[in-house]
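Spelled out, the chains give:
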Amino acid sequence: MKITLIQPAKSVSAGAATEQYWQLTRPLSLFYLASSIESRTVHKVEIIDLEQRRYQGKPIKEVLKNNESRIFGITSVTHTRFEAVKVAEYVKKLYPKSLVVVGGVHFMHCAEDTLRRVPEVDIVVRGEGEITIVEIINNVDEGKDLRQVKGITYREDNRITNNPDQPIFDDLDSLQPYTKFSWDEYPEHIFGYLEPIRAISVMSSRGCPYKCIFCSKAGMKYRTRKAKDVVNEIESYRDKFNIEGINFLDLTFTANPHHVRAMCQELIGRNLKLKWWCESRVNIPLELLELMKKAGCVSIAIGVESGSPRILSRIGKGISVSQILSFCKECHDIDIIVQPYFMFSFPGEDEQDLIETSNLIDRIERTYGFICPIQPTMIFPGTELEAIARKQGTLPHDFSWYDRVEYKLNAKLNQLSNIPLYIDKLLPATMQSFIVDRKVSLIATFAGSHSKVAIVQGLQRLAKGDFSLLKFMFFPKFYYKYIRAKLKNIK
Ligand code: B12
Ligand code: SF4
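Residues numbered from 1 in each chain as written. Chains lettered and ligands numbered in written order. Predicted model: local features only at pLDDT ≥ 70, side-chain atom pairs only at ≥ 80, totals over all residues.

**Examining helix α12 (residues 351-368)**
- Compared with an ideal rise of 1.5 Å per residue, which puts 18 residues at 26 Å, α12 spans 25 Å between its outermost C-alpha atoms and is within 8% of the ideal.
- Residues of α12 that are buried include every one of D353, L354, E356, T357, S358, L360, I361, I364, E365 and Y368, and no others.
- Positive backbone phi, approximately 75°, marks G369, located one or two places after α12. (Helix = DSSP H or I, 4+ residues; strand = E, 2+ residues; numbered from the N terminus. Expected span 1.5 Å × (residues − 1). Buried ≥ 20, exposed ≤ 12 C-beta atoms within 10 Å, placed from the backbone.)

Have a look at this one:
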């Protein structure tokens, strides 16, 4: 039997933000599933990544034709859900007897909604899929019903049935990386660094012990791989693809200091001389940062989210403004570039909170030259924020993730247009002018800064069209507003 695993292309309605921040990495979800299927069953897997250059511009019908698979697996994040549904529709139309199984961070959190609204989907896999997909395949092989398969939601006699959860998979070391791909298919570069170094994505852990209210992966059990295995994998890519950099796609690479130390020691011990990027929290000791630097870390992304202590506490971030500032200072002093990501419009957030955020961004950008991207808060399925939004009525009581709404405000804010924004106390007009204010302020930072990081990043953003001439025409008005807000804040 053959199994086809598909990643849909990103949404056509995704909005400009997609183009700016998008970099194609290989879909590790499907790669891990493929490895698990091939090592645990006798079946063959084909991966169709519709994001990948080879498939671009080809009609889905064309890509899917003459496919003898019995099972089609489709992955999705929230902003590609409609494209994923389209793929499911095509598969069922072409192969009515096939089994359409969907999974991933979007579907797993709205399994019943998916089955109610998308008749082409047969099974939703909740949680990590390596074991569950093998159980489904074995089940199909043996012609049994699906009652014994853990971690799935499916239709049984026209009713939607939730089987018990699949136990969390602890033994990450038993997951073999899937290496059937070429550099030409996934020519990656290091994230967040000044030079476009050839790099590859790797994961050294799964899960995250923190519980931010807006995050789809909040509280997912944290587990690590053996540092030796991870670096073996990295070394094999270095030899094969001549890479000079690594992107660690771990949710929070630094969640466990012991793991970080082991990773750094392994990288230093083998003298691989690779530069790397990761995502971190700000509450890590200087001694660990210095070790990371020594092991090749050149850039770190941090989710700061807000400059208001009240909001940081409300969203479960568990960090303080002083920790954020000292992390930026320490990284600056040892020459690690930080990408501090911010969000606004959280529950209870008002204009005063927004000004505190704006002030913190100014301080970081002007003192350290780190550019701070900021976005309005999006609502994702399965998050605490989704529950709050439903209760407050931000999402209609009968809201479905499959209502085809193009959110108008998102387009104005340059955001993915098919994901609802969380709106509470901040009015859309305030949000809109804030976004423009930030661009003005960024130009001021860029113009007034002598920092190499700010200047290079500024030029990169200029090249990407962040500061188009048209936008410049609107700036005087918003600059005035910005200064007025600052003065108000000083009072
Ligand atoms: C790489 C990445 C990107 C890349 C894009 C990758 C690409 N397609 O080329 C970049 C950097 C561009 C990116 C951007 C964004 N991203 Co991103 N990204 C990731 C990241 C770091 C890794 C994804 C990954 O490989 N995971 C590892 C695999 C193993 O995990 P998995 O996908 O969950 O798969 C497992 C299960 O879900 C299940 N499963 C998955 N699919 C299937 C299918 C079947 C059939 C089955 C049976 C099982 C199954 O089994 C898998 C194996 O166990 C994740 C965080 C993370 N570490 O997961 C965020 C993440 C996917 N991103 C996220 C978000 C929000 C974004 C942005 C929207 C952020 C923003 N505000 O702009 C943008 C979108 C782009 C834009 N602005 O236009 C969210 C998605 C939330 C959601 N519900 O959709 C995540 C989860 C981060 C988070 N903490 O919330 N991202
Ligand atoms: S936002 Fe980051 S730190 Fe917070 S729960 Fe999600 S992955 Fe963990």
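That shown, we press on.
**Here we look at the nonpolar core**
- In terms of nonpolar packing, the biggest core is built from 64 residues, with W276, C328, I336, V338, F370 and I379 touching the most fellow members.
- Ranked by the residues each element gives to this core, the list is headed by strand β14 (residues 297-305), at five residues.
- In this view, I336 contacts L289, K293, C297, V298, S299, I300 and C331; residues no more than four positions away in its chain are not counted.
- Counting 45 residues, the second-largest nonpolar core is a separate cluster that includes I47, I71, F107 and M108. (Core = buried A, V, L, I, M, F, W, Y, C linked by C-beta atoms within 7 Å. Contact = placed C-beta atoms within 7 Å.)

**Observations regarding the site of ligand 2**
- The local shell around ligand 2 consists of C208, Y210, K211, C212, C215, K217, A218, L251, T252 and G303.
- Residues of the shell around ligand 2, tallied by class, amount to six nonpolar, two polar and two charged. (Near = placed C-beta within 6 Å. Nonpolar A, V, L, I, M, F, W, Y, C, P; charged D, E, K, R; others polar.)

**Section: unusual backbone geometry**
- Phi angles above zero are rare outside glycine, and N158 is one such case at about 65°.
- With respect to the element layout, N158 can be found in the loop between β6 (152-156) and β7 (159-162).
- Exposure remark for N158: the 5 C-beta atoms within 10 Å place this residue in the exposed category.
- Residue D335 is not a glycine yet carries a positive backbone phi of 70°.

**Overview of the confidence of the model for the chain**
- Put simply, the chain has an average pLDDT of 90, and 87% of its residues get 70 or more.
- Low confidence marks residues 467-475, where pLDDT is under 50. Its contacts with residues over four positions away, or in another chain, come to eight contacts. (pLDDT = per-residue confidence, 0-100.)

**Overview of helix α8 (residues 257-269)**
- The end-to-end C-alpha distance of α8, which contains 13 residues, comes to 18 Å, matching closely the 18 Å that a straight helix rising 1.5 Å per residue would cover.
- Packing partners of the buried residues in α8 comprise β10 (205-206), β11 (223-224), α7 (227-241) and α9 (286-294).
- Two residues or fewer after α8 comes N271, characterised by a positive phi angle close to 50°.

**Brief notes about the pairing of strand β4 (residues 99-103)**
- Of all five residues in β4, five are buried, a share of seventy percent or more.
- As defined by bridge partners, strand β3 (residues 71-75) adjoins β4 across five bridges and the pair is classed as parallel. Looking at the pairing, T75 lines up with G103 of β4.
- Following the chain from β3 across helix α4 (residues 81-94) to the adjacent parallel β4, one finds a crossover that is right-handed.
- In this sheet, strand β5 (residues 123-125) lies alongside β4 in parallel orientation, the contact comprising two bridges. Residue pairing in the sheet places V101 in a bridge with I123 of β5.
- Between the parallel pair β4 and β5, the chain is carried across by helix α5 (residues 111-117), and the sense of this crossover is right-handed. (Pairing = 2+ DSSP bridges. Right-handed = clockwise from strand over helix to strand, strands pointing away.)

**Considerations on the packing of α7 against α8**
- Put simply, α7 and α8 touch, their axes get as near as 9 Å, and they point 45° apart. Between α7 and α8, the crossing angle belongs to the class labelled oblique. Considering only the axes of α7 and α8, their crossing is right-handed. Along its contact with α7, which presents A227, K228, V230 and V231, the element α8 presents A262, M263, E266 and L267.
- Per-class residue counts for the contact of α7 with α8 are six nonpolar, no polar and two charged. (Axes fitted to C-alpha atoms, helices over the stretch in contact; angles between N-to-C directions. Parallel < 35°, antiparallel > 145°, perpendicular 65-115°, else oblique. Left-handed = near helix turned anticlockwise from the far one by under 90°.)

**Digging into the sheet that holds strand β9 (residues 198-202)**
- With mixed pairing, the seven strands of this open sheet are ordered in space as β8-β9-β12-β13-β14-β15-β16. Of all strands in the sheet, those bounded by a partner on one side alone are β8 (188-189) and β16 (374-376).
- Inspection of the sheet shows β8 paired to β9 by two bridges, in the antiparallel sense. Looking across to β9, one finds that H189 is bridged to R198.

**What about the pairing of β9?**
- Relative to strand β12 (residues 245-248), β9 runs parallel, the two being bridged by four bridges. Pairing of V202 across the sheet is with F248, part of β12.

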